[in-house]
Structure formats: C-alpha cells, structure tokens
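# A closer look at the structure
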Amino acid sequence: MSKHLQARKALTLNTGIFGLSSLGIVGLSIFKIIFKGFLGSLGFWAVLALLLVGISYFRSSWKAFGELEYQKSKSKGLMASLSNVAALVIAFLV
C-alpha cells in the first residue's frame with residue numbers, strides 16, 4: 001500500500017506542475033501572439049510540440065497508475081512535467 005501512496009503523491013505533484021506550466025504556456029503564448037507575432041515563429045512550433053509530448057506522457061502516466069504500474073506512472077509523470085517546463089522556458093526565451 002505504501003507504493004500506491006508514494007505513486008499517488010508523485011502523480012499529484014506532477015499533475016500540479018503540469019497544470020501550472022500549461023497555464024503559463026497558454027498565457028504567455030496568447031500574449032506573444034497578440035503583441036509579438038509569435039504564431040509564425042519556430043519557437044511557437046517547438047512549444048506546441050513539447051506541449052503535445054507532455055500531454056501524451058501525462059495521459060500515459062495516469063493510465064499506468066490505473067493499471068497499478070507505479071514506477072512507470074512516476075517516470076511518465078515526471079517526463080510530462082519536465083517537457084511542459086521546458087516548453088514554458090522556450091516560450092519565455094523566444
């Protein structure tokens with residue numbers, strides 16, 4: 001049962017990071033699209049690609065948790081968070 005609780009805490013933390021970074025990406029992208037013409041730049045497509053990769057990892061982490069594969073759930077959740085944070089950094093720098 002302790003593996004379940006550890007995986008649940010890790011997945012909850014990763015979900016929070018994923019959600020907050022997604023809000024940051026969307027807000028920053030909207031600002032840059034309106035004021036700086038961000039839509040046509042290569043940075044926009046890099047951010048979009050990383051966001052889609054993050055969503056894929058996020059969905060597979062929750063699926064692994066549902067199938068009681070806790071280690072896989074934690075690693076996929078971490079990858080989802082890291083890809084979204086990387087996309088936020090790229091969106092901020094570009």
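Please refer to the structure placed before this passage.
What counts and what doesn't
Residues numbered from 1 in each chain as written. Predicted model: local features only at pLDDT ≥ 70, side-chain atom pairs only at ≥ 80, totals over all residues. Heavy atoms only, no water. Phe/Tyr/Trp six-rings, centres within 6.5 Å; stacked < 30°, edge-to-face > 60°. Helix = DSSP H or I, 4+ residues; strand = E, 2+ residues; numbered from the N terminus. Contact = heavy atoms within 4.5 Å. Core = buried A, V, L, I, M, F, W, Y, C linked by side-chain atoms within 4.5 Å. Buried < 20%, exposed > 50% of the residue type's maximum accessible area, 1.4 Å probe, protein only. Axes fitted to C-alpha atoms, helices over the stretch in contact; angles between N-to-C directions. Parallel < 35°, antiparallel > 145°, perpendicular 65-115°, else oblique. Left-handed = near helix turned anticlockwise from the far one by under 90°. Nonpolar A, V, L, I, M, F, W, Y, C, P; charged D, E, K, R; others polar. Expected span 1.5 Å × (residues − 1).

With that out of the way, let us pick up the packing of aromatic side chains. Taken as a whole and assessed by the stated rule, the structure comprises four aromatic pairs. Grouped by ring-pair contacts, the aromatic residues Trp62, Phe65 and Tyr70 constitute a single cluster.

Structurally, the position occupied by phenylalanine 92 is in helix H3 (residues 70-93). The sequence separation of phenylalanine 92 and serine 73 amounts to 19 residues, and the corresponding C-alpha distance is 29 Å. Discounting residues that sit within four places of it in the chain, phenylalanine 92 has contacts with Leu28 and Lys32.

Counting residues in each nonpolar core, the largest one holds eight residues, listed as Ile25, Leu28, Phe38, Phe44, Val47, Leu51, Ala87 and Ala91. Counting residues per element, the ones that place at least two in this core are helix H1 (2-36), helix H2 (42-66) and H3. When residues of this core are assigned to their parent elements, the largest contribution, three residues, is made by H2. Setting aside residues up to four positions removed in sequence, isoleucine 25 forms contacts with Val47, Leu51, Asn84, Ala87 and Leu88.

To continue, consider the packing of H2 against H3. H3 packs onto H2 with a crossing angle of 165° between their chain directions and a minimal axis gap of 8 Å. One way to sum up the angle between H2 and H3 is to call them roughly antiparallel. As for the relative orientation of H2 and H3, their crossing is left-handed in sense. Of the residues assigned to the contact of H2 with H3, the class counts are 16 nonpolar, eight polar and two charged.

Attention now goes to H2. Under the 1.5 Å per step criterion, the end-to-end length of H2 is 37 Å for 25 residues, consistent within 8% with the ideal 36 Å. Among the residues of H2, Gly43, Phe44, Val47, Leu51, Gly54, Ser61, Ala64 and Phe65 are the ones counted as buried. Along its buried surface, H2 packs onto H1 and H3. Just beyond H2, the residue with positive phi is leucine 68, at close to 65°.

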